[in-house]
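Structural overview
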Amino acid sequence: MSIGFQKALQQEESPIGIEVLTQIIENAQIATTEFVPMCQDTGVTVVFVELGEEVCFEGSGLIEAINRGVAEGYQAGYLRKSMVRDPLRRQNTQDNTPAIVHIDLVPGDKLKIMVAAKGGGAENMSALRMLRPVDGLLGIINFVLEVVKKAGPNACPPLVVGVGIGGNLEKSALLAKKALFRPLGQRHPDPFYAQLEEELIEKINKLGIGPQGMGGTVTTLDVHIEVFPCHIASLPVAVNLDCHAHRHKEVVF
Amino acid sequence: MPEILKITPPLSEEIIARLKAGDKVLIRGTLYAARDAAHKRMIELMDKGEELPIDLCGQIIYYVGPTPEKPGQVIGSAGPTTSSRMDPYTPRLIAEKGLKGTIGKGWRSQEVKDAMKTYKAVYFGAIGGAGALIARTIKKSELVAYEDLGPEAIRRLEVEDFPAIVINDIYGGDLYEEGIKRYTRI
């Protein structure tokens, strides 16, 4: 992220945008040296697991182990507990569990765990729309721009934008989330989508939202697209926004 | 460069009148930390005609739910949360309780903007995600009410040179709208 911030600082034209970016960089430095959270919203813990088919577990189950790790980590790290047990009755679970866990079975004997601490502000401005196949590329571009524009300052720009195209309703949302895990600056392996990512970056930055929505030329640091085959009648598109506190980590066992 | 105004709550009408969208301020003195869960309880008290746990007259509410403080820290990370979640509650606090300022990030509703214009109050933006930087300006943090809400409890914060930018002033100025318009090229 720090490379992304430096690049953003060079590209930003608005004085207030430059000032905001400078403070964001200073904040990240304080967070690193003092070992404190860069943002108080230490998020929902989102975990993508790639589980090798040959892997066996002993003792408690995988999900239970992940949740225990989250509870211990959020306590030991003085992170904020931001999960409520029930969406309407809203009692804090006090340990930030449960994590939201997605498991993919893959060939092999490895276990890969990818973790994100996903803040609520950017998540709240994310959206999904079931487009018609006829809406095509232009429909997708317009929808992504609409979501980012509506989010404005709320999602804490400069953003990282994950776009999931295809699959069905839930698959597109998962793709958009998964897209956020790709390292900054890395393009889609398919040149067609790599070009679409470039086009979206350029167009989003022309929206003028800028750092913290106070006006400027850097609204997004990167756009990542993930795609999946879909029904002949459908063109699902999900846009998952991530704020500049783009916190990801992965381990392989 | 315009001078950076130093302000201390309670905010007088004269100070409020000087603040324009885009102005940078440094705040010294007391801020009250509260989020939507605490706002909901305050509005419920007002509905019942009961007193609030804090006197909001002339005061500023900071929309923040900090991380727990590490040993030796006054407060954990303490950046602003999204203000729109407080929009349904804010107009009544401004109109009936004399609230003069709010600090957060993101758009406000038309109802909040109208209330700010009518009753002379200001909305400030703090930098979202700059929780570690902002925490350095908080010199004291004291729990005032609703301890059971955890990170959403009401706290009295004593701040020194807390940096904020005026987003909405009493004249209808809106930094988000004006700033974005200036740089839109699509």
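Please refer to the structure placed before this passage.
What you see is a predicted model, and the numbers here were worked out from it, not measured in a lab.

**Brief notes about the sheet that holds strand E7 (residues 235-242) of chain A**
Residues and elements named next belong to chain A. On the basis of which strands lie adjacent, the open sheet formed by 4 strands has the order E4-E7-E5-E6 and mixed pairing. A strand with exactly one partner marks an edge of an open sheet, and here the two such strands are strand E4 (127-131) and strand E6 (220-230). Averaged over all pairs of adjacent strands, the angle between strand axes in this sheet comes to 15°, irrespective of strand direction. Judged from the 5 bridges that link them, E4 and E7 form a sheet pairing that is antiparallel. Within E7, the residue paired with leucine 128 across the bridge is alanine 238. Contacts from helix H7 (residues 191-205) reach strand E5 (159-167) and E6, with the element oriented near 140° to E6.

**Focus: the side chain of Lys105(B)**
Tracing the backbone through its elements, the reader meets Lys105(B) in the loop between strand E4 (101-104) and helix H4 (110-119). Excluding residues within four positions of it along the chain, Lys105(B) makes contact with Gly121(A), Pro153(A), Asn154(A), Cys156(A), Pro80(B), Thr81(B), Thr82(B), Ser83(B), Tyr123(B), Ala126(B), Gly128(B) and Tyr176(B).

**Brief notes about the nonpolar core**
Formed by 110 residues in total, the largest nonpolar core has its most connected members in Val161(A), Leu241(A), Ile27(B), Phe124(B) and Phe162(B). Ranked by size, the runner-up nonpolar core spans 12 residues in total, among them Ile66(A), Tyr74(A), Ala99(A) and Ala117(A).

**Regarding the pattern of salt bridges**
Residue and element names in this part refer to chain A. Under the defined criterion, the tally for this structure stands at 34 salt bridges over all chains. For the salt bridge of lysine 118 with glutamate 123, the shortest nitrogen-to-oxygen distance reads 2.8 Å. Of the residues examined, lysine 118 reaches a relative accessible area of 5% and is grouped as buried. Between glutamate 123 and lysine 177 there is a salt bridge; the shortest N-O distance is 2.7 Å.

**Notes on a nonpolar patch on the surface**
Together, Leu128(A), Met130(A) and Leu169(A) give the surface a local cluster of nonpolar side chains, amounting to about 260 Å² of exposed area. In this structure, Leu128(A) sits in strand E4.

Criteria and cut-off values
Residues numbered from 1 in each chain as written. Chains lettered and ligands numbered in written order. Predicted model: local features only at pLDDT ≥ 70, side-chain atom pairs only at ≥ 80, totals over all residues. Heavy atoms only, no water. Pairing = 2+ DSSP bridges. Helix = DSSP H or I, 4+ residues; strand = E, 2+ residues; numbered from the N terminus. Axes fitted to C-alpha atoms, helices over the stretch in contact; angles between N-to-C directions. Contact = heavy atoms within 4.5 Å. Core = buried A, V, L, I, M, F, W, Y, C linked by side-chain atoms within 4.5 Å. Buried < 20%, exposed > 50% of the residue type's maximum accessible area, 1.4 Å probe, protein only. Salt bridge = Lys/Arg side-chain N within 4 Å of Asp/Glu carboxyl O. Patch = residues over 30% accessible without salt bridge, like charges linked within 9 Å, V, L, I, M, F, W, Y side chains within 5 Å. Areas by Shrake-Rupley, 256 points an atom, 1.4 Å probe, with all protein chains shown as cover.

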